[in-house]
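Single-letter residue listing:
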Amino acid sequence: MENKSSIPESQNTPEKGQNKRIVTVVLVLLLVAVGGALIYKFIESSELAEQNRMTQAQLDQAYNDLDSMSNELDTRILKIAQLGGEIDTLLQIKMQLEEEKKAFRKNANKRITELRGKVEGYKELLVAQDVEIARLKVLNDSLMSENTELKVEANTLNESIKDLNQSKAQLEEKVATASKLKVENVQILAISSSGKERQSPFKNRHIDHLNIRFQILENRVAPIEGKGILVKITGPDGNVIFDVASGSGTFVFEGRESFYTIKKDILFDRNSQTLTFFYNKGSDYDLGSYKLEIFTDDYKMGTASFVVK
């Protein structure tokens, strides 16, 4: 009886051990699979994080480059405007660039490559504007040089005109001076009632009237024209001998009105002329020295004197 009962126990023991091994293997395989999956997920997550980091860095760099291009474009616009260049097109490009900066963050991942291309395009645009700035500078320098030359020529011309005007004024002054008439051989004679002539000094009883004679010199520069020849006689008391009934009057000399004693109108034809004036005072002369002056127009032609004693 004891032998029968021991046989079944020996048969059941191997089956249970085999089942345990199978379960163990399955569990190990499951653990390996789960571990592998976790490791793969970890690696994938790390790679994705690195890729995202690199992508973000690229986006930031691209945006910074775009922003830098905007600032550089502002500088070029300012320089070209200062140099007088055309900036309307650049302003439109600047507005477009700013709009693209606003839209940048919305679709950044899709536009990295496109923006990179645009950045390169803007770099080429900046290079082209640098060329334009250089061209405008050369043009402005050329215009500045031409303007300087024109100013020098204008100054030279003005100096020449100034010198010419000065020479003309000097010539006119010389001509005016040269055209002034002069007298010589001035004679003052006292004519008595009997017709006898006497030279200075005179006595009142010998003076019926005065005979004033002088010669106007030839002058080929003076114009041929009518002239008023004035004789002014100033007495010892400083007063001019003046009598309207005898032909006296007034004239302006050196900006002041003055009296003349007697006047005669002539036609001066540039040739020498001898003039004679007769003057009857109608009363005795004060004793003393008398001054005689001869004028025409607004200048003095000559002087002389006589004495009554």
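Residues numbered from 1 in each chain as written. Predicted model: local features only at pLDDT ≥ 70, side-chain atom pairs only at ≥ 80, totals over all residues. Heavy atoms only, no water.

Caption draft 1: Looking closely at the confidence of the model for the chain. Summary statistics for the chain give a mean pLDDT of 81 and a share of 77% for residues scoring 70 or more. Ranking the helices and strands of the chain by mean pLDDT puts strand β9 (residues 288–296) first, with 97, and helix α1 (residues 2–82) last, with 63. Taken as a whole, residues 1–11 scores under 50 in pLDDT and shows 0 contacts with residues more than four places along the chain or in a different chain. (pLDDT = per-residue confidence, 0-100. Helix = DSSP H or I, 4+ residues; strand = E, 2+ residues; numbered from the N terminus. Contact = heavy atoms within 4.5 Å.)

Caption draft 2: Quick peek at the side chain of Asn211. Among the structural elements, Asn211 can be located in strand β3 (residues 209–216). With residues up to four places along the chain from it excluded, the contact list for Asn211 reads Gln187, Ile188, Leu189, Ile191, Glu197, Thr276, Phe277 and Phe278.

Caption draft 3: The pairing of strand β1 (residues 183–191), seen in detail. Alignment of β1 against β3, held across 7 bridges, turns out to be antiparallel. Following the sheet pairing, Val183 is matched in β3 by Ile216. Between β1 and the antiparallel strand that follows it, strand β2 (residues 197–199), lie 5 residues; Gly195 among them carries a positive phi value of about 95°. (Pairing = 2+ DSSP bridges.)

Caption draft 4: The pairing of β9, seen in detail. Across 6 bridges, the pairing between strand β4 (residues 225–234) and β9 is antiparallel. Within β9, the position partnered with Thr234 by the bridge is Lys291. Bridge analysis of β9 against strand β10 (residues 299–308) gives 9 bridges, and the strand direction is antiparallel. If you follow Ile294 over to β10, its bridge partner there is Gly302. Hairpin geometry of β9 and β10 is characterised by an intervening segment of 2 residues between the two adjacent antiparallel strands and by a positive phi of about 55° at Asp297.

Caption draft 5: Fine view of the pattern of salt bridges. Counting across every chain of the model gives 7 salt bridges. One salt bridge in this structure joins Glu72 and Arg76, with 2.6 Å as the shortest N-O distance. With Glu72 and Arg76 both in helix α1, this residue pair falls 4 residues apart, about one helical turn. Glu72 sits in the partly exposed class, given a relative accessible area of 32%. Put simply, Lys300 and Glu293 hold a salt bridge, and the shortest N to O gap is 2.8 Å. (Salt bridge = Lys/Arg side-chain N within 4 Å of Asp/Glu carboxyl O. Buried < 20%, exposed > 50% of the residue type's maximum accessible area, 1.4 Å probe, protein only.)

Caption draft 6: Representation of the sheet that holds β2 in the model. Within the open sheet, the 4 strands sit side by side as β2-β1-β3-β8. Their pairing is antiparallel. Strands with a single pairing partner mark the edges of an open sheet, and in this sheet they are β2 and β8 (273–279). Pairwise comparison of adjacent strand axes, ignoring direction, gives a mean angle of 30° for this sheet. (Axes fitted to C-alpha atoms, helices over the stretch in contact; angles between N-to-C directions.)

Caption draft 7: A look at the sheet that holds strand β7 (residues 262–268). Reading across from one edge, β7-β4-β9-β10 is the order of the 4 strands in this open sheet, with antiparallel pairing throughout. Strands at the two margins of the open sheet, each flanked by one partner only, are β7 and β10. Each adjacent strand pair in this sheet contributes to an overall mean axis angle of 20°, direction not counted. Relative to β7, β4 runs antiparallel, the two being bridged by 7 bridges. By the bridge assignment for β7, Leu230 is matched with Lys263.

Caption draft 8: Structural detail: unusual backbone geometry. Residue Pro201 is reached from Ser200 by a cis peptide bond, and omega for that bond is 5°. Among the structural elements, Pro201 can be located in the loop between β2 and β3. The phi angle at Arg270 is positive, at roughly 80°, despite the residue not being glycine. Within the element layout of this structure, Arg270 appears in the loop between β7 and β8.

Caption draft 9: Main features of the nonpolar core. Core analysis: the biggest nonpolar cluster contains 30 residues, and Phe214, Ile216, Ile229 and Ile233 have the highest contact counts within it. For this core, the elements supplying multiple residues, two or more each, are β1, β3, β4, β7, β8, β9 and β10. In terms of residues, this core owes the most to one element, β10, which gives 5 residues. In contact with Ile216, not counting residues within four places along its chain, are Leu181, Lys182, Val183, Ile229, Ile266, Phe268, Asn271, Ser272, Gln273, Leu275 and Met301. If you look at the next biggest cluster of nonpolar residues, it comprises 14 residues, including Met69, Ile93, Leu97 and Leu126. (Core = buried A, V, L, I, M, F, W, Y, C linked by side-chain atoms within 4.5 Å.)

Caption draft 10: Broad picture of helix α2 (residues 88–104). Helix length check: α2 (17 residues) gives 24 Å between terminal C-alpha atoms against 24 Å at 1.5 Å per residue, within 8%. Along α2, the residues that are buried comprise Leu90, Ile93, Lys94, Leu97, Glu100, Lys101 and Phe104. Here the buried residues of α2 occupy an arc of 125° about the axis, which is enough to place them on one side. Facing away from the buried surface of α2 by more than 90 degrees, the exposed residues are Gln92, Met95 and Lys102. (Expected span 1.5 Å × (residues − 1). Arc of directions from axis to C-beta.)

Caption draft 11: Examining the environment of Ser70 more closely. Tracing the backbone through its elements, the reader meets Ser70 in helix α1. Classification of Ser70 as buried rests on a relative accessible area of 1%. Excluding anything up to four places from it in sequence, Ser70 contacts Lys94, Leu97, Glu98 and Lys101.

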